Amino acid sequence: MSDLLERLRGRGWRMTAQRRVVAEVLDGEHVHLTADEVHARAVAKLPEISRATVYNTLGELVSLGEVLEVATDKRAKRYDPNAHRPHHHLVCARCGSIRDVHPTGNPLADLPDSERFGFTVSDVEVTYRGLCPNCASA
């Protein structure tokens, strides 16, 4: 479970009803929703919330560093509240479902100096691709 709501309260982020609902929709483990999915779930909790408010709130959460914008393929960007724990993603090539994974080891250390081309590397994003159990059995 992510701690998005607690993190936002700790920052003193002004918690309007609309912002709270967006944060509640995003809070959880393995959450990687598109903006449209966030909006649909937010409307179920707060029918008067607008699409623009959801998009603006998502943009604000990304700017604050409290939510990650994840683009794992040519599909819509997804929003990940697991912004403060380093992790990678496991993506189903058929349905697009995404899971957070925390493999052991240091992928940054695995890049040999000869492959850094003089870069000072500060971050690594790894995406594992395959078929989820549902797609593999279909």
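Here the structure is a predicted model, which is why all the values come from computation and not from measurement. (Residues numbered from 1 in each chain as written. Predicted model: local features only at pLDDT ≥ 70, side-chain atom pairs only at ≥ 80, totals over all residues. Heavy atoms only, no water.)

In this section: the UniProt feature "binding site: Zn(2+)" (unreviewed entry) in the protein. Under the feature "binding site: Zn(2+)" (unreviewed entry), the UniProt entry names Cys-92, Cys-95, Cys-132 and Cys-135. Of the residues just listed, which span 44 residues, no C-alpha pair is farther apart than 8.1 Å, and they cluster in one region. With respect to the helices and strands, the residue Cys-132 is situated in the loop between β6 (127-130) and α5 (133-137). When sequence neighbours within four positions are dropped, the list of residues in contact with Cys-132 reads Cys-92, Cys-95 and Ser-97. Within the secondary structure layout, Cys-135 lies in helix α5. (UniProt positions renumbered as here; feature names shortened; annotations may be inferred. Helix = DSSP H or I, 4+ residues; strand = E, 2+ residues; numbered from the N terminus. Contact = heavy atoms within 4.5 Å.)

To continue, consider the side chain of His-89. Here His-89 lies in strand β4 (residues 88-92). A polar atom in the side chain of His-89 sits 3.3 Å from the side chain of His-87. (Polar contact = N/O pair within 3.5 Å; in protein donor to acceptor, adjacent residues only side chain to side chain.)

In this section: the packing of helix α2 (residues 17-26) against helix α4 (residues 51-63). The N-to-C vectors of α2 and α4 enclose an angle of 70 degrees; their axes lie 10 Å apart at closest approach. What the angle tells us is that α2 and α4 run roughly perpendicular. For the element pair α2 and α4, the recorded crossing hand is right-handed. Together, Gln-18, Arg-19, Val-22 and Leu-26 of α2 and Thr-53, Val-54, Thr-57, Leu-58, Glu-60 and Leu-61 of α4 make up the contact between the two elements. Here the residues of the contact of α2 with α4 are counted per class, giving 5 nonpolar, 3 polar and 2 charged. (Axes fitted to C-alpha atoms, helices over the stretch in contact; angles between N-to-C directions. Parallel < 35°, antiparallel > 145°, perpendicular 65-115°, else oblique. Left-handed = near helix turned anticlockwise from the far one by under 90°. Nonpolar A, V, L, I, M, F, W, Y, C, P; charged D, E, K, R; others polar.)

Its 13 residues give α4 an end-to-end C-alpha distance of 18 Å, which sits within 8% of 18 Å, the value for a rise of 1.5 Å per residue. Those residues of α4 that sit buried are Val-54, Thr-57, Leu-58 and Leu-61. The buried side chains of α4 occupy one side of the element, clustering within an arc of 100 degrees when seen end-on. Exposed and facing more than 90 degrees away from the buried side of α4 are Asn-56 and Ser-63. If you follow the buried residues of α4, they end up packed against α1 (4-11), α2, α3 (35-45) and β3 (78-80). Just downstream of α4, Gly-65 is the residue with a positive phi angle, here 80 degrees. (Expected span 1.5 Å × (residues − 1). Buried < 20%, exposed > 50% of the residue type's maximum accessible area, 1.4 Å probe, protein only. Arc of directions from axis to C-beta.)

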